[in-house]
Amino acid sequence: MYELFQAVLNSEEKTVLRQLIDILSASAKRYFLRNEILQIFADYCQQWQKPAYFYHSSSVGKIIHYTHEIILDNECSWFVVRPRIASQEVWQLTADFHSFEQRTPQALLDVSDRLVNRYQDRILEIDLHPFYQDSPRIDDPRNIGQGLGFLNRYLSSQLLTDPQHWLELLYLALDKISYEGIELLIGDRITSGIQLAKQIKLAIKFLSQQPPDEPYEKFHSQLQKLGFEPGWGNTVRRVRETLELFDRLIYSPEPAILETFVARVPAVFRIVLISIHGWVGQEDVLGRDETFGQVIYVLEQARSLDKKLHEEIKLAGLDFLGIKPHVIILTRLIPNCEGTCCNLRLEKVEDTQNTWILRVPFAEFNPEITNNWISKFEIWPYLETFAADAQKELLTQFQGKPNLIIGNYSDGNLVAFLLSHSLKVTQCNIAHSLEKPKYLFSNLYWQDLEEKYHFSAQFTADLISMNAADFIITSSYQEIVGTPDTIGQYESYKWFTMPQLYHVVDGIDLFSPKFNFVPPGVNENIFFPYSQKLHREPQLSTQIHELLFSREHPQIFGYLDNLQKRPIFAIATFTSIKNLTGLVECFGKNQALQERCNLILLASKLHSDEATNPEEAGEIKKLHEIINQYQLHGKIRWLAMRLPSRDLGEAYRVIADCEGIYVQFARFESFGRCILEAMISGLPTFATEFGGSLEIIENQEDGFNINPTDLEGTANKILDFLEKCELHPQHWQEVSEWMTQRIHHRYTWHSHTNQLLLLTKIFSFWNFIAPENNEARDRYMETLFHLIYKPRAEKILEKHLSGHRA
């Protein structure tokens, strides 16, 4: 960047830069974000009639496009530039425009603080860099999120470099694997890695003389004499293959061999999935609006893990020992459950062999609060005692410790930290959605937002759990580090300030192998292509068609004048982020779209008095106003209901029967479960370009990624697609088939679960061979928990209790 800055300062473009800073200074603002900066520069180029290339290709143009923030401070100008993905730099332009100087994040955070508090005392600095500096790191930003592959390559190279040392470590790691006191894999007769290598040769020789399909029970005693306990396989063929993999790993270590061998190691039997703040149940519950997608994710993940673990145990030859996997979804018990089953302590998960929902109540600081549902923004005071109570319940249910604890969302991840730290168990984090990047300036002006959102507790919890986690799985690459134009969700925690609370000068290592891109799947028993007529129920199809297009119902608003128009279908909750009102306004402003299409919305509520918070009420009211403003009666139907999963799957297919389209219009979407469901059902899908859908759709020339802030541009993209469908009758079917196949091949729970279990085993081994940094890291996280998080959570509790006393 230095050369680029110098090129500007040493040329006529210096005048342009000065004029731009003058324009910024003329406003009352002192803090500018990327979109504002780009718009101001575009307006400047137009006003001064700069040639087209100047906007993108001039030196000052390049600087502006790399710049994500500008802060004006005492005549100096601060630039946060991002020349590459996952690489942010701070530069200060002196008041006389004489030079650019690179500065530290600390200096920038001090300047940011002064925007809020003119007089800033010394403040706590949080720096996690020391805990990552001696660990292996990914070099190429393009490989961020592929930690499993990186560690496989790293461990294979270590085996090759120092085979004897690493053979002993492998031996020790395998030797400690057991189940309820039952030795697995290696017995007492083998006492070293060198002996293990020799015994493997003898075992392979013995097995080569046996019938390949001989079941393990018939030859296990011979293997035990050689020092091998159960777990290598269920037949002669399977045991021999596994031992040969290990033999090859010793003498010619390769990443693919290591991964294949580790996948066969029976090391995971008990798993906890934590999802706390919503109504967590099954078909009749499935969370509130804010947790609906998360609950479905956790249930489907649990079902897939249950199936996969049973398969692994059978293939490992352990079922004859009576070993059974056990999966628990840990959530809170809600006594005032409003007719749901959320007051049941234990509930079996349907379509599983041994997966359960375990509900643990919050401690009764005040029953009027803890007996009821509590918003995700208010839940923080109750998590520490919940974790302690849950630990006792889990140990009782499992009759032992779990092998893996998976947190979901900020609250679940914090509890995962507390449990895994106490039990010394591998911890996995799944954010689903980090709130910090969703709310502009939420960290800078946290004090103004504290009463409503309590971000001080949440952002601290995020820092603790994401750094304490052994590994983090994300649904997309951009969730970690964004795109060339946007900062990733995790990247936003790299450095930031919370004035008068703390500075984060290095909050997370984006290049750590702990980050792993493991997208979720979709339940293909429920969501499958419209073209699979034999799997569909004609009666259900008729019912859903009537519901979507014509049936009168108290919770359905609107009617359709012309049922022959192509339907546009959308599903969303009422938040400004989900932006359902933006889609209706886009439709209302475009007459051509109205002439060709009907708009069908599936949302959960119809009237503002049904809302659970002011934002939701405002969005509902706004939607009614837009419908009236653009006179959309006869062109729109609004179904204010939540359909059971079976009916929802058919709803997508019914829209596809009519050669409709699906539109996801969120201002930001971390991933987008509905996008998967719509695409696999065969619906051509348009989705926001801000978030994970960029990777789901992999934008083709038709342009299915849309900018929800550009209503005209979005309408034109949809109209372009419709025109292609009219000119080429097969175009709709071709796009439909492409989208179906993309989800079917890339987004499956089978693949997700395989990767998740592989990660668990690899990182458990990694923690076994390199535990020293983890211990220091965990002590640091515990300090942050007691020094910052607990006092913030206690303030929320005081507010709750005083509010009820009043």
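Data block above holds the structure.
None of these values were measured; they are calculated from a predicted model.

Tell me what's going on with the sheet that holds strand β14 (residues 426–430), and back it up with residues and numbers.
If you walk across this open sheet you meet the eight strands as β11-β12-β10-β9-β13-β14-β15-β18, and the pairing is mixed. With partners counted over all chains shown, the strands left at the sheet margins are β11 (346–348) and β18 (515–517), one partner each. In this sheet, adjacent strand axes meet at a mean angle of 25° when their direction is disregarded. Of the strand pairs in this sheet, strand β15 (residues 471–474) and β18 are connected by three bridges, and their pairing is parallel. For threonine 474, the partnering residue across the bridge sits in β18 and is phenylalanine 517.

Which residues make up the sheet that holds strand β6 (residues 124–127), and what are the values?
One open sheet holds the three strands; their spatial order is β6-β17-β16, and the pairing between them is mixed. Of all the strands in the sheet, just β6 and β16 (496–498) have a single pairing partner and so form its edges. For this sheet the average axis-to-axis angle between neighbouring strands, irrespective of direction, equals 20°. Along the sheet face, helix α6 (residues 105–116) touches β6, β16 and β17 (502–506) and points at about 150° away from the line of β17. Packed on one face of the sheet, helix α18 (residues 455–468) meets β6, β16 and β17 and runs near 25° to β17.

Report on the pattern of salt bridges, specifying residues and quantitative values.
With the rule as written, the count across this model stands at 36 salt bridges. The closest approach of N and O atoms between glutamate 650 and arginine 536, which form a salt bridge, is 2.6 Å. Note that glutamate 650 is positioned in helix α24 (residues 645–657) and arginine 536 in the loop between β18 and α20 (538–549), a separation of 114 residues in sequence. A relative accessible area of 10% means that arginine 536 is categorised as buried. Members of the salt-bridge network, linked through shared partners, are Lys533, Arg536, Glu650, Arg653 and Asp657.

Please provide a residue-by-residue account of the layout of surface pockets, values included.
Of the pockets and cavities examined, the second largest pocket occupies roughly 1,600 Å³. Along its surface, the second largest pocket is lined by 45 residues, and Leu33, Pro437, Leu440, Thr486 and Ile487 are the ones closest to its centre. Taken together, the residues that form the lining of the second largest pocket break down as 18 nonpolar, 18 polar and nine charged.

Explain empty space enclosed by the protein to me, and be specific about the residues and the numbers.
Tallied over the entire structure, the rule returns two cavities of 30 Å³ or more. As for the largest cavity, its lining consists of Leu17, Leu20, Ile21, Leu24, Ile37, Ile40, Phe41, Ile64, Ile70 and Phe79. Where the lining of the largest cavity is concerned, the elements lending two or more residues are α2 (13–26) and α3 (34–47). Looking at which element gives the most residues to the lining of the largest cavity, the answer is α2, with four residues. Of the residues belonging to the lining of the largest cavity, the class tally is ten nonpolar, no polar and no charged. For the second largest cavity, the calculated volume is near 40 Å³. In this structure, the second largest cavity is lined by Asn413, Asn429, Ala431, Leu434, Asp462, Ser465, Met466 and Tyr490. Of all the elements, α18 adds the most residues to the lining of the second largest cavity, at three residues. Classifying every residue of the lining of the second largest cavity by side-chain character gives four nonpolar, three polar and one charged.

Go over unusual backbone geometry with me, naming the residues and quoting the values.
For alanine 86, which is not a glycine, the phi torsion comes out positive at approximately 70°. Structurally, alanine 86 is set in the loop between β3 (76–84) and β4 (87–93). Exposure remark for alanine 86: the relative accessible area of 14% places this residue in the buried category. Positioned with a positive phi, glutamine 399 is a non-glycine residue whose angle comes to about 55°. Residue placement: glutamine 399 occurs in the loop between α15 (383–398) and β13 (404–408).

Quick rundown of α20? Include the residues and the values.
Relative to the 16 Å expected for twelve residues at 1.5 Å per residue, α20 spans 16 Å between its end C-alpha atoms, a close match to the ideal helical length. Of the residues making up α20, those classed as buried are Leu540, Ser541, Ile544, Leu547, Leu548 and Phe549. Taken together, the buried residues of α20 touch β19 (556–557), β20 (566–571), β21 (597–603), β22 (636–640) and α24.

About the criteria used
- Residues numbered from 1 in each chain as written.
- Predicted model: local features only at pLDDT ≥ 70, side-chain atom pairs only at ≥ 80, totals over all residues.
- Heavy atoms only, no water.
- Pairing = 2+ DSSP bridges.
- Helix = DSSP H or I, 4+ residues; strand = E, 2+ residues; numbered from the N terminus.
- Axes fitted to C-alpha atoms, helices over the stretch in contact; angles between N-to-C directions.
- Contact = heavy atoms within 4.5 Å.
- Salt bridge = Lys/Arg side-chain N within 4 Å of Asp/Glu carboxyl O.
- Buried < 20%, exposed > 50% of the residue type's maximum accessible area, 1.4 Å probe, protein only.
- 1 Å grid on protein atoms, 1.4 Å probe; cavity = no way out; pocket = protein on both sides within 12 Å on 5 of 7 lines; lining within 4 Å.
- Points joined across faces, edges and corners; volume = space filled by probe spheres on them.
- Nonpolar A, V, L, I, M, F, W, Y, C, P; charged D, E, K, R; others polar.
- Expected span 1.5 Å × (residues − 1).

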